[in-house]
Amino acid sequence: MMSSSSFKEIRAMAYPRTLVSIVASAGGLAVFLLIASSLLISGPIGSTFSSYFYGVVDHTEKDDLLSSGDGSGNRDAFEAFRSNLTIRNNSDSGDAVVESQVGEMKPGDSRNMRGQEKVVNVTNNAEKVSTNVQKNNTNGANLTDSVNTDCDLYAGKWVYDSAGPLYTNSSCPVLTQMQNCQGNGRPDKEYENWRWKPAQCNLPQFDAMKFLELMSGKTLAFVGDSVARNQMESLLCILWQVEVPKNRGNKKMQRYYFRSTSTMIVRIWSSWLVHQTPEPFDFAPTGVDKLHLDLPDERFMEFVPNFDVIVLSSGHWFAKKSVYILNNEIVGGQLWWPDKSRQMKVNNVDAFGISVETILTAMLKHPNYTGLTILRSFSPDHYEGGAWNTGGSCTGKEKPAVDKDLVENGFTNIMHEKQVAGFNKAIKKQTNKSKAILMDITKAFSYRHDGHPGPYRSPDPNKITKRGPDGRPPPQDCLHWCMPGPVDTWNELVFEIIRREFVAKKSNPS
């Protein structure tokens, strides 16, 4: 039997060993955590985690027309995004990229079929072709490649790409819920897979890393209406797959900062791009918007010298109630003209053309602006059988239109005509060293009646998506674009336009 002194000796010997073991274990755990955390924070998913925990993502700014209530939709989207991420290593390049877990492939499922071939023949402007995507994204644009600036980017056809979109609705936490067509229950997905193919050249697939490199130290601003927001969110969704930006927005503008290249993506709301006021003017009362068609919108003009690339979007608000003022005189109105004895000098279509000339002239004469202005041409809507509020519909459209089924839209055509005329007039008045380019997407996108949310505007499981017994369609959105979807092509065109300018300046530094 051991004495109490023996126990004390054993405890005295055992205790230091226990203490050493604890210290060693703690030290090893600390080293492991340091290494693991450094690896996480340096990679894309680490950036996602750090942004989530340190409040980088903040979606407090909303449009008046398309807010999402209390913002819970954005929070839910980000939670879904965060929980569905995984790291996929590209064995050829060694790079890690972020992708969404989509479950096991099922027979006939074309998701993530990069490099695989799918051939279905369709005639005219919607033609399916086999797609073979090269490894390491060799079909992407090299920043220093020579470019064929004579190639018309806007004459071509839509081709089927089995590779699918560059992101999914679950891998982007910033897209507006109304454009989250898959998240809102749209049953078909083929509209995500059509890419634009110019007739005389190739439009490179968007390469997010190369875009950030090209825009290193620069700011790109989207200025305009909710369609501008649609395009900005598309760009953010693409870039989000390689880097999670820091939200630096405020009440005046949304701003997303990509730290790796000091690139800033900005959006400023401007419904008409010209000066507006609700104050009474002459015989126009308080309340109705007055548009001074010959004055630019000062709310964003003050920021213009700080931007390297500006993408302008406008037009659809000219269908809304407003008063038109020119040379300090009321000259017309839309859905407003109380005195029928007075002659209206300017209708809404003419007002749009004047506004385009005004805003572009102001930018091309701005003494401190030397950037690139991209005027995206009028985005066609596809309300067939009526307007947005009179039973117009795009329900059931699952493929791009072919020539024989294309429905001409007279309003779209005349708006495009007036916009191009306004652009050409402004170009002749230029006095500064900036540059303006018309990104003419109107004709190409007239074929994409399949690319809108239609009745899939909300995640409400009880929403009506079919025509009623009287044949009337449910409420729907045939103006904005699903994401992912055709709107992503706009940013591939923006990238190519910027790249062409980059190469041209490198070749002709004078």
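Heads up: these notes are all about the structure in this document. (Residues numbered from 1 in each chain as written. Predicted model: local features only at pLDDT ≥ 70, side-chain atom pairs only at ≥ 80, totals over all residues. Heavy atoms only, no water.)

1. A word on the environment of Phe 211
Item 1. Along the chain, Phe 211 turns up in helix 4 (residues 208–214).
Item 2. What Phe 211 contacts, discounting residues up to four positions off in sequence, is Phe 206, Leu 220, Leu 235, Leu 239, Ile 265, Phe 495 and Ile 498. (Helix = DSSP H or I, 4+ residues; strand = E, 2+ residues; numbered from the N terminus. Contact = heavy atoms within 4.5 Å.)

2. Let's talk about the environment of Pro 486
Item 1. Relative to the assigned elements, Pro 486 resides in the loop between helix 9 (442–445) and helix 10 (487–507).
Item 2. Considered as a pair, Pro 486 and His 449 are 37 residues apart in the sequence and their alpha carbons are 10.0 Å apart.
Item 3. When neighbours within four sequence positions are excluded, Pro 486 is seen to be in contact with Tyr 191, Phe 445, Arg 448, Gly 451 and Trp 481.

3. So, the pairing of strand 16 (residues 435–439)
Item 1. The element strand 16 is largely enclosed, with a buried count of four among its five residues.
Item 2. The pairing of strand 15 (residues 372–376) with strand 16 spans five bridges and is classified as parallel. Residue Arg 376 lies in a different strand from strand 16, and its bridge partner there is Met 439.
Item 3. With respect to chirality, the unit in which strand 15 leads through helix 8 (residues 410–427) into the neighbouring parallel strand 16 is right-handed. (Buried < 20%, exposed > 50% of the residue type's maximum accessible area, 1.4 Å probe, protein only. Pairing = 2+ DSSP bridges. Right-handed = clockwise from strand over helix to strand, strands pointing away.)

4. Points about the sheet that holds strand 14 (residues 329–334)
Item 1. Spatially, four strands are ordered 10-11-13-14 in an open sheet, and the strand pairing comes out mixed. Each edge of the sheet is formed by a strand with only one pairing partner; in this case those strands are strand 10 (274–277) and strand 14. In this sheet, adjacent strand axes meet at a mean angle of 30 degrees when their direction is disregarded.
Item 2. Pairing analysis gives four bridges linking strand 10 to strand 11 (residues 290–296), with the strands arranged antiparallel. Within the sheet, the bridge partner assigned to Val 274 lies in strand 11 and is Pro 296.
Item 3. On the sheet, helix 7 (residues 348–365) packs against strand 10, strand 11, strand 13 (322–326) and strand 14 and is oriented at approximately 35 degrees with respect to strand 11. (Axes fitted to C-alpha atoms, helices over the stretch in contact; angles between N-to-C directions.)

5. A short note on the side chain of His 480
Item 1. The residue His 480 is located in the loop between helix 9 and helix 10 in this model.
Item 2. When its relative accessible area of 7% is taken as the criterion, His 480 is described as buried.

6. Quick word on the nonpolar core
Item 1. Grouped together as the largest cluster of nonpolar side chains are 54 residues, with contacts concentrated most on Phe 211, Leu 220, Leu 239, Ile 265, Ile 374, Met 439 and Ile 498.
Item 2. Top element by residues in this core is helix 5 (residues 226–240). It accounts for eight residues.
Item 3. When residues no more than four places from it in sequence are discounted, the contact partners of Ile 265 are Phe 211, Leu 220, Phe 222, Met 232, Leu 235, Leu 236, Leu 239, Gln 254, Arg 255, Tyr 256 and Phe 258.
Item 4. Membership of the second largest hydrophobic core comes to 41 residues, among which are Tyr 257, Phe 307, Val 349 and Tyr 369. (Core = buried A, V, L, I, M, F, W, Y, C linked by side-chain atoms within 4.5 Å.)

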